[in-house]
Amino acid sequence: MAQAADFQGMSSSPGRRWLRRTGAVLAGAPLLAGFLQLPSAGRAEAAPAVTPAAAEASQDASGPLSVSLDKVTPGVVTKDDTLTVSGTVTNTGKQAVTDARVDLRPGEALETRSSIEGVSRRTTFQIGADGQALGGDHTAEFDRLEPKVSQPFSITVPADELGLGGAGVYQFAASVSGRTADQPWAEQVLGIQRTVLPWQPGKPGSNTRTTFLWPLISNVHMTAETDEQQTPVFLNDSLTREIAPGGRLDRMVSLGDQLDITWVIDPDVLAAVDAMADGSYRVKTEDGRTVSGTQEHETQANRWLAKLSAAVEDQEVVALPYGDPDLASVAHNGRNVSGTLNHLKEATGVAAETVWSILHVQPSTEYAWPVEGALDPAIKNVATSAGADKVITRSDSLEDDLSYTPSAARPIGGGTTAVVADAWLSTAFEGDLARAENSTLAVQKFLAQSFAITQQTNKDRSIVVAPQRMPSASQAQAMAEALTALREGSWSTPQALSEAVEDEPDPRASTTVPPQSAYPSALRKKELRRDAFEQIAETQAKLDRFRVILTQENRVVTPFGRAMNRAMSVSWRDHAGAAGDYRADVKAYLDDLADQVSLIDKSETKLSGHSATVPVTVRNNLVQGVEGLVLRLTSTNPSRLEIDGKKYHEQPISVSGERSHSVKFTTSANANGPVTVVAQLYTEDGRAYGRSVAFDVRATEVTATVMLVIGGGVLVLVLAGFRMYTQRKRAAARDDAEAAAVAEDGAEDDPDASGQASDLRPDTSAESTGPSAAGEKVDR
C-alpha cells in the first residue's frame, strides 16, 4: 500500500516504516476509542477528532492528482449487494505520474449526524483516519497519467469484502497514488475523495416516515399590462425555456411524476403558463417593444400543463399564496404599511381557485413557507393573519437540545403548528450539482443523514424535507436519485405533508419561536424594504381611485392586483434593482391608463352677449366605458362671471369606450373682459380625478347705461317720426277742406253750372307774381 514517506525526498527501511506505523496507530488508539464512545448529539457536534500521529503523516489531497466519485451504486449497501464505484482520475499537475492506482478505503463508522457533515471538511490524506485500502482486485491501475489528462475508472467489490461492522453510516474514500519525476522511488497518495456509505445488513428496528416537498416556483414573469382582448404581457421569454423539454420546470415535473412527494406550487407559475397556452400573449423585448408569442411556445405550454395535470393527479398539492410573497419582508418591513396585509390575504384567497381552474385538483392553502424556514414571532403572526395555521420552518431556526431528531410537527401556540423540516436533509442539494461528482456526494450525504436519523432511536418518526425554492435541473435530478434510493431502502417510507402534520408531536421537542433578534442577518439584508411596500400602497390607492369610474373594473383590478402580489415575491431577493423597476413599471402603466380619461384642453372662449353656454369635452380612450364622474366648472372671479348663477356648477358624466363627450355650462357676464375658469373631473366621493383644465372666458356684452342711451335715441327718433306723420296728416286734411270750399264757391257764380245767374265778380284778387306767403298752399 502507498503510504506517506517519513521525510520528503528520503525513504526509510521497511523495519523502520513498520515501527513508525505501529507507533502512530498505538498513539491514536485511545483518542479514536474515546471518539467512538461519544453519545449521539444534535447538529452542533464537531467533526471526528484526528490523532496527532495521523496529522503528522497527512498529505495534501489536492496534490497533482484529483479523483472524483461520479457514481456510487447502490447508494445504500446491503449484505447481498455488490458495490460499484465509478469516477475519474485527473492529473492536474505539470509532471506525468507513473504506476498510478485508485484504491477504495472503507473508513470508520460515523456515530453522529454532525460527523457525517464533517467528512468533506478535511482536504488531506490521513493515515488511519481514512481507512485501509482494500487492495487486491479492488483497484484501478494506470501505467501513466499525463498532465491535464483525465482517465475514468470503475471498481466493484462485494459487500461482504468491505469489512464493515454493524449497521450504520461509514466514511468511504477513493484515493489515488503513484510516482512522480521528483520522487520516482516512493509511491505516494496524491489525491483522495471522501464520501459516506450507509450500510444496512439487516432490517432496522424503527421506521422513518419521510415527507419531501417538491416546489414548482419560478421568478416573476408577467406584468400588469393587457390590451382590449386581455392579452397578457410577459417581462421576457425565460419561462418558455423553463418549460421546454429539458428545462428546469419541465425536469421538475418529469422527475416528480415518478416520486412519492408533496407538490408545493406557486399559482402564479400556473397562471403564466396557462396564459401562454392560450396563444394570445406578448413578450417585451430589450428595446422596449412587445412581440407576439409563437405557436411553438403555445404548444410547449399546453404540453407542460397536460404533463403536470397527470403528475399531480391523486397527489397532495399545497398552494402557496399567489406570487409566493416574502413573508419575512412583510413581517419586518411591510405589515405596518397600509394595505400590505390585505394583499397577502388576497394572494391566499385566489390561490386555490387558480390551481383548481388549471389543474382541476383541490389544493391545501393552510401552509406558510418563509424563506429558508427562518421563523420569528412577527413572521408567525403575519402567516396566521393571512389564513395559514401551519408554518413550514427548519430545524436550524427552531432548534432542539436533543440527542436525536424529533418528529416534524409541533404546536407553537395560538392554534398554529410548526412543520419543522430537517436542515441537513433540506440543504443537501444546494450548490452546483451539474458535475456528476457533486451530485453523487449530495445523494450519499442525504441517504446517510436519513439512515442516521433512523439509527438514533427505536422510535418511528416523521421527517420533512423542504429543499431550496427553485432547484436547478441538476439539483432536481440529484433529489430524484436520492428519493429513488431512499425508496429502495427499508428504513424509510414516504408520506404526505398532511400526514406528517397529524403525527403526535414529540413532547421533548422545542416549541419556542426564536426572537426576532435571532433572525439571520444574511437573510434580513435581502428583504424588501419599507419603501417597496409604500410604493405598492401608493399604486393601490391610485387603483382604488381609478376603479370606481370603470364599467368593467375586473378587467383592470384583477391584473393589477396580481401584479402587486408579484411585487412582494420571494424571487426578488438578490434582485433589488429589478424589483424596483417592476414596481415602477406597474405604477407607470396604471398612471397611463388613468390618463386615458381626461379633459380636452380649451382655448379662450368669447361671450357675445350677457349669457351663453360654454362646452367642456371629456375624452375616454379606454376600451370600456366610464361612469360615476362629475365635471365641475369653476369661475375664478364670480363677481364678473357666474356659472349657472354661482361660483361653480357640476354635472354628472359618463362616456362610452373610445368616445368623447361634451358638457355645456350656462355662463352669465356682469362686465366686459376675460375671466379664468377651471374645469376639473371628480369622482362621486369628491376626489379630484386627473388634471384640471383652465381657460379664459372673455365677455364682449354692452353695459346697461349704453343700452339706455341707445334706447332713448331710438325713442326720440320714433317720437319725431310720429310728429312728422301727424303734421303731414293734418296738412293734407286742411288742403282737402280748402279745395272743397273753392269748388262750392265756383258753382254759385256759374249759372250754367247751377241753373242760376253767375256772379261776375272774381273771388280772388288778381294773380300776383311775387312769392307766396309762408305755409300757403299754391295751386299750380
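Reading guide: rules and limits
Residues numbered from 1 in each chain as written. Predicted model: local features only at pLDDT ≥ 70, side-chain atom pairs only at ≥ 80, totals over all residues. Heavy atoms only, no water. Helix = DSSP H or I, 4+ residues; strand = E, 2+ residues; numbered from the N terminus. Polar contact = N/O pair within 3.5 Å; in protein donor to acceptor, adjacent residues only side chain to side chain. Contact = heavy atoms within 4.5 Å. pLDDT = per-residue confidence, 0-100. Buried < 20%, exposed > 50% of the residue type's maximum accessible area, 1.4 Å probe, protein only. Pairing = 2+ DSSP bridges. Axes fitted to C-alpha atoms, helices over the stretch in contact; angles between N-to-C directions. Parallel < 35°, antiparallel > 145°, perpendicular 65-115°, else oblique. Nonpolar A, V, L, I, M, F, W, Y, C, P; charged D, E, K, R; others polar. 1 Å grid on protein atoms, 1.4 Å probe; cavity = no way out; pocket = protein on both sides within 12 Å on 5 of 7 lines; lining within 4 Å. Points joined across faces, edges and corners; volume = space filled by probe spheres on them. Patch = residues over 30% accessible without salt bridge, like charges linked within 9 Å, V, L, I, M, F, W, Y side chains within 5 Å. Areas by Shrake-Rupley, 256 points an atom, 1.4 Å probe, with all protein chains shown as cover. Salt bridge = Lys/Arg side-chain N within 4 Å of Asp/Glu carboxyl O. Lys, Arg positive; Asp, Glu negative; His and termini not counted. Charge placed at Lys NZ, Arg CZ, Asp CG, Glu CD. Core = buried A, V, L, I, M, F, W, Y, C linked by side-chain atoms within 4.5 Å. Left-handed = near helix turned anticlockwise from the far one by under 90°. Arc of directions from axis to C-beta.

Some details on the side chain of Thr262
Piece 1. The topology assignment puts Thr262 in strand S12 (residues 262–265).
Piece 2. A polar atom in the side chain of Thr262 sits 3.1 Å from the side chain of Glu316.
Piece 3. Polar contacts involving the side chain of Thr262 include one to the main-chain amide nitrogen of Leu497, which spans 3.1 Å.
Piece 4. Residue contacts for Thr262: discarding those within four places in its chain leaves Thr211, Phe212, Leu213, Trp214, Glu316, Val318, Ala496 and Leu497.

Points about the confidence of the model for the protein
Piece 1. In this model, the protein carries an average pLDDT of 85, and 83% of its residues clear a pLDDT of 70 or more.
Piece 2. For the stretch residues 1–61, pLDDT sits under 50, and the model shows 92 contacts to residues farther than four places along the chain or on other chains.
Piece 3. Note that residues 746–780 has pLDDT below 50 and, in this model, 17 contacts with residues that lie over four places away or in other chains.

With respect to the pairing of strand S25 (residues 626–635)
Piece 1. With respect to burial, S25 is a largely interior element, eight of its ten residues being buried.
Piece 2. Both S25 and strand S27 (residues 648–655) contribute to a ladder of seven bridges, which runs antiparallel. Of the residues in S27, the one forming a bridge with Thr634 is Tyr648.
Piece 3. Pairing analysis gives seven bridges linking S25 to strand S29 (residues 673–683), with the strands arranged antiparallel. Bridge pairing links Ser635 to Val677 in S29.

Overview of the sheet that holds strand S23 (residues 605–607)
Piece 1. Across the sheet, five strands lie side by side as S23-S30-S29-S25-S27; this open sheet has mixed pairing. Edge strands, defined here as strands with exactly one partner in the open sheet, are S23 and S27. This sheet shows a mean twist of 30° between the axes of neighbouring strands, independent of strand direction.
Piece 2. As paired elements, S29 and strand S30 (residues 688–699) share nine bridges and run antiparallel to each other. Directly across from Val678, in S30, lies its bridge partner Ala694.

Regarding the packing of helix H17 (residues 530–547) against helix H18 (residues 554–566)
Piece 1. With their axes 11 Å apart at the nearest point, H17 and H18 run at an angle of 175° to one another. Of the possible angle classes, the one that applies to H17 and H18 is roughly antiparallel. Contact with H17, carried on its side by Ile536, Thr539, Gln540, Leu543, Phe546 and Arg547, involves Val556, Val557, Phe560 and Met564 of H18 and no other residues of that element.
Piece 2. When its residues are assigned to classes, the contact of H17 with H18 shows seven nonpolar, two polar and one charged.

Considering empty space enclosed by the protein
Piece 1. Within this structure, the stated rule accounts for six cavities of 30 Å³ or more.
Piece 2. Empty space within the largest cavity amounts to approximately 110 Å³.
Piece 3. Lining of the largest cavity is provided by Thr210, Phe212, Leu259, Asp260, Leu483, Leu486, Arg487, Ser492, Thr493 and Pro494.
Piece 4. Breaking the lining of the largest cavity down by element, the ones donating at least two residues are strand S10 (208–216), helix H14 (473–488) and strand S21 (492–494).

Some thoughts on a negative patch on the surface
Piece 1. Together, Asp80, Asp137, Asp160 and Glu161 line one region of the surface with negative charge.
Piece 2. Mapped onto the elements, Asp160 comes out in the loop between strand S7 (150–158) and strand S8 (168–180).

Notes on the nonpolar core
Piece 1. Core analysis: the biggest nonpolar cluster contains 76 residues, and Phe546, Phe560 and Leu631 have the highest contact counts within it.
Piece 2. It is helix H19 (residues 576–594) that provides the largest number of residues to this core, a total of seven residues.
Piece 3. Sequence-distant contacts of Leu631, defined by excluding residues within four places in its chain, comprise Leu599, Val616, Val618, His649, Glu650, Gln651, Ile653, Val663, Phe665, Ala679, Gln680 and Leu681.
Piece 4. Among the nonpolar cores identified, the runner-up in size contains 70 residues, and Met222, Ile265, Ala311 and Trp491 belong to it.

Topic: the packing of helix H6 (residues 267–277) against helix H10 (residues 351–359)
Piece 1. In contact at an axis separation of 9 Å, H6 and H10 are set at 40° when each is read in the N-to-C sense. Looking at the two axes, H6 sits oblique to H10. When the axes of H6 and H10 are compared, the crossing they make is left-handed. Mapping the contact onto sequence places Pro267, Leu270, Ala271 and Asp274 in H6 and Ala351, Thr354, Val355, Ile358 and Leu359 in H10.

Structural notes on H10
Piece 1. Among all positions of H10, only Ala351, Ala352, Thr354, Val355, Ile358 and Leu359 are buried. For H10, the angular spread of buried residues about the axis comes to 165°, placing them on one side.

Side note on helix H11 (residues 377–385)
Piece 1. The complete set of buried residues in H11 reads Ala378, Ile379, Lys380, Val382 and Ala383.
Piece 2. Buried positions along H11 lie against helix H8 (327–334), helix H9 (340–349), strand S16 (367–368) and strand S17 (390–394).
Piece 3. One side-chain oxygen at the N-terminal end of H11 lies 3.2 Å from the backbone nitrogen of Ala378; it belongs to Asp376.
Piece 4. At the exit of H11 stands Gly387, carrying a positive phi of roughly 110°.

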